[in-house]
Amino acid sequence: MLLIGSTGGLVKFSKFIRIPEMVISLLFLVTGGFMVMHVANFGFLFVVKLVFVLAAIPTAIIAFRKEKKLLGLISLLLLFGAYGLAEIHKSQFGNRKAFTEEVITSPDASNYDLSLHGKALFNAQCAVCHGTDGSAGLSGAKNLKKSQMTNEQILDIINHGKNTMPPMEGKYDEQELKALVKYVKEFRIQ
Ligand code: HEC
């Protein structure tokens, strides 16, 4: 309505929308804060997203106060942009192919190395919390150098997760699980 210039409608609408808008903005901030605390792998994209959202809120408020169409449009675009970035970010996390391209993943190949396969998978999916040396302890992760788990227990925690460690059942095939278990246990002797 801001955009089509119906001022009477806008006044009513903005009164009506103000409270849900505040709630939504607040939710954005809270979920953002939650992500910062619980997800270790926020990078450049995440910061851009945060800036977008933080910029969108005052822009929207000013736009409504002064009934500026352009500003309203900008704040909408910022929010859409932030949402788009969030989606991109989501799809990047979980894309292990990009990380395992460099390594031989077929156990039939003559130069196949189970540890290297495990390392590629680990660095792609596990290091965000455990660190590449297994001892980073981000998001409450246990130190893998000190872990005493058996193969079965490691498989169980990968498949079913525990506390902030997400369940990853079905994400890895048998060979990949074997490689991960081997690599996880190698941290102990380093
Ligand atoms: C989002 C963060 C996160 C990711 C990603 C993650 N972990 Fe964990 N991991 C944790 C947390 C938290 C714990 C501790 C769980 C508990 O006991 O409360 C843990 C515990 C473990 C343990 C048990 C250590 C012990 O002796 O108690 C193993 C083994 C493990 N993770 C392996 C992996 C592997 C392999 C991957 C990748 C496939 C992985 N983790 C990905 C957070 C994560």
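Everything discussed here concerns the structure shown above.
The following paragraphs examine the structure supplied in this document. Worth saying up front: this structure is predicted, and the values here are computed from it rather than measured. (Residues numbered from 1 in each chain as written. Predicted model: local features only at pLDDT ≥ 70, side-chain atom pairs only at ≥ 80, totals over all residues. Heavy atoms only, no water.)

Between helix α7 (residues 151–160) and helix α8 (residues 174–186), the least distance of the axes is 10 Å, while the angle of their chain directions is 115 degrees. When you trace α7 past α8, the crossing you get is right-handed. Between α7 and α8, the contacting residues are Asn151, Ile154, Leu155, Ile158 and Asn159 on the first element and Leu177, Leu180, Val181, Val184 and Lys185 on the second. In the contact of α7 with α8, the residues fall into seven nonpolar, two polar and one charged. (Axes fitted to C-alpha atoms, helices over the stretch in contact; angles between N-to-C directions. Helix = DSSP H or I, 4+ residues; strand = E, 2+ residues; numbered from the N terminus. Left-handed = near helix turned anticlockwise from the far one by under 90°. Contact = heavy atoms within 4.5 Å. Nonpolar A, V, L, I, M, F, W, Y, C, P; charged D, E, K, R; others polar.)

A separate point is the site of the ligand. By nearness alone, 23 residues border the ligand, and Cys126, Cys129, His130, Ser147 and Met165 come closest of all. His130 has a polar side-chain atom sitting 2.8 Å from a nitrogen atom of the ligand. A distance of 3.4 Å is found between an oxygen atom of the ligand and a side-chain nitrogen or oxygen belonging to Lys162. When contributions to the shell around the ligand are tallied by element, the ones reaching two or more residues are α6 (127–130), α7 and α8. Examining the composition of the shell around the ligand, we find that three residues originate from one element, α6, more than from any other. Among the residues forming the shell around the ligand, the class breakdown is 14 nonpolar, seven polar and two charged. (Near = heavy atom within 4 Å. Polar contact = N/O pair within 3.5 Å; in protein donor to acceptor, adjacent residues only side chain to side chain.)

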